[in-house]
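Report on the structure
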Amino acid sequence: MKAASPFSFPVSPALAAKLAKLGLARDADLVLHLPLRWEDETRVTPIRDLLPGQTAQVQAVVREASAAYRPRRMLTLTVEDDGGVLGIRFLHFYPSHLKLFQAGQSFRFNGEVRGGFLGLEMVHPRFAKADHATPLPTQLTPVYPTTAGLGQAALRKLVERALAAPIADTLPAEWLAALNLPGLEASIRLLHQPPLDCALNELESRRHPAWQRLAFDELLAQQLSKAS
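In what follows, the accompanying structure is described. (Residues numbered from 1 in each chain as written. Predicted model: local features only at pLDDT ≥ 70, side-chain atom pairs only at ≥ 80, totals over all residues. Heavy atoms only, no water.)

Here we look at the side chain of Q152
Secondary-structure assignment places Q152 in helix α4 (residues 152–162). A distance of 2.7 Å separates a polar atom in the side chain of Q152 from the backbone oxygen of Y144. (Helix = DSSP H or I, 4+ residues; strand = E, 2+ residues; numbered from the N terminus. Polar contact = N/O pair within 3.5 Å; in protein donor to acceptor, adjacent residues only side chain to side chain.)

Structure, rendered in structure tokens:
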């Protein structure tokens, strides 16, 4: 007889082992597995407007792709949109990538823009198969601490499933009002799924009220543990 999963949804033994490496053994752990940073994938920048040092997302069509194995293993792409051409380099890739990046296929690439010998390029950008009809995200994209074999997309889906249940607050409403703190559920959901109008600098510097609420709970828990 199989042991019941500690998660409220099916998780394979292999996936459970990867989650365990991150200290994630139940829904509550996923709920409190907060992002390291957030990325703005809600807009596309035309290639002609890219600048070196900028992190941006482009919508482009593959013009050509080639793999080299000497002197260094590398997959290079030339991609283009209506107004410009961009180089893409992958230093680590699988044979399946060559089949994926066929000429004429449309992708979104998101990464840091660099100046190369042949013009602007991105090295190891994140990518997704998409065309102009593919909807853009409507909120900032979280980037989580993870481990080998557990990609960001899979981890985001797991967190979303864990967030499906309501989150009970740990403080009474009168305390929240007196301390001018937001609710726990609203704070956790905002950190996982920040709306577009959320100040990214406040999130990253941890000055946002949502971070302050979680910091208060952590400090309170420490004080209570010392008093017990």
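After that view, the rundown keeps rolling.
Section: helix α8 (residues 209–227)
For α8, with 19 residues, the first-to-last C-alpha span of 27 Å sits near the 27 Å given by 1.5 Å per residue. Taken together, the buried positions of α8 are A210, W211, R213, L214 and D217. Projected onto a plane normal to the axis of α8, the buried residues spread over an arc of 160° and lie on a single side. Across from the buried face of α8, at angles greater than 90 degrees, the exposed residues are K226 and A227. Looking at the buried side of α8, the elements it contacts are β1 (37–39), α5 (173–179), α6 (184–192) and α7 (200–204). (Expected span 1.5 Å × (residues − 1). Buried < 20%, exposed > 50% of the residue type's maximum accessible area, 1.4 Å probe, protein only. Arc of directions from axis to C-beta. Contact = heavy atoms within 4.5 Å.)

Some words on the packing of aromatic side chains
Counting across every chain of the model gives ten aromatic pairs. Both rings, one in F90 and one in F127, keep their centres 5.7 Å apart while their planes meet at 75°; by these two values the pair is edge-to-face. One end of the pair, F90, is in strand β4 (residues 85–90); the other, F127, is in strand β7 (residues 126–129), and 37 residues separate them in sequence. For F90, a relative accessible area of 4% translates into the label buried. Directly above the aromatic system of W211 lies the positively charged group of R206, at a separation of 3.9 Å from the ring centroid. (Phe/Tyr/Trp six-rings, centres within 6.5 Å; stacked < 30°, edge-to-face > 60°. Lys NZ or Arg CZ within 6 Å of the ring centre and 35° of its normal.)

Here's the deal with the pattern of salt bridges
Enumeration according to the criterion identifies ten salt bridges in this entry. Of the charged contacts in the structure, one is a salt bridge between R26 and D29, with a shortest N-O distance of 3.5 Å. For R26, a relative accessible area of 48% gives the class partly exposed. Put simply, R126 and E39 hold a salt bridge, and the shortest N to O gap is 2.6 Å. On the criterion of sequence distance, the pair formed by R126 in strand β7 and E39 in strand β1 is long-range, its members being 87 residues apart. A relative accessible area of 31% means that R126 is categorised as partly exposed. (Salt bridge = Lys/Arg side-chain N within 4 Å of Asp/Glu carboxyl O.)

Section: the layout of surface pockets
Empty space within the largest pocket amounts to approximately 640 Å³. Along its surface, the largest pocket is lined by 26 residues, and E41, P137, T141, A153 and R156 are the ones closest to its centre. Those elements giving two or more residues to the lining of the largest pocket turn out to be β5 (106–116), β7, β8 (141–143) and α4. It is α4 that provides the largest number of residues to the lining of the largest pocket, a total of six residues. Roughly 470 Å³ of volume is contained in the second largest pocket. In this structure, the second largest pocket is lined by 22 residues; those nearest its centre are L32, L34, L184, I188 and L214. (1 Å grid on protein atoms, 1.4 Å probe; cavity = no way out; pocket = protein on both sides within 12 Å on 5 of 7 lines; lining within 4 Å. Points joined across faces, edges and corners; volume = space filled by probe spheres on them.)

A few points about the pairing of strand β2 (residues 55–68)
Pairing between β2 and β5: seven bridges, direction antiparallel. Pairing of A60 across the sheet is with F107, part of β5. Across seven bridges, the pairing between β2 and strand β3 (residues 74–80) is antiparallel. Bridging from a neighbouring strand, V61 pairs with E80 of β3. Hairpin connection of β2 to β3: five residues between the antiparallel strands. (Pairing = 2+ DSSP bridges.)

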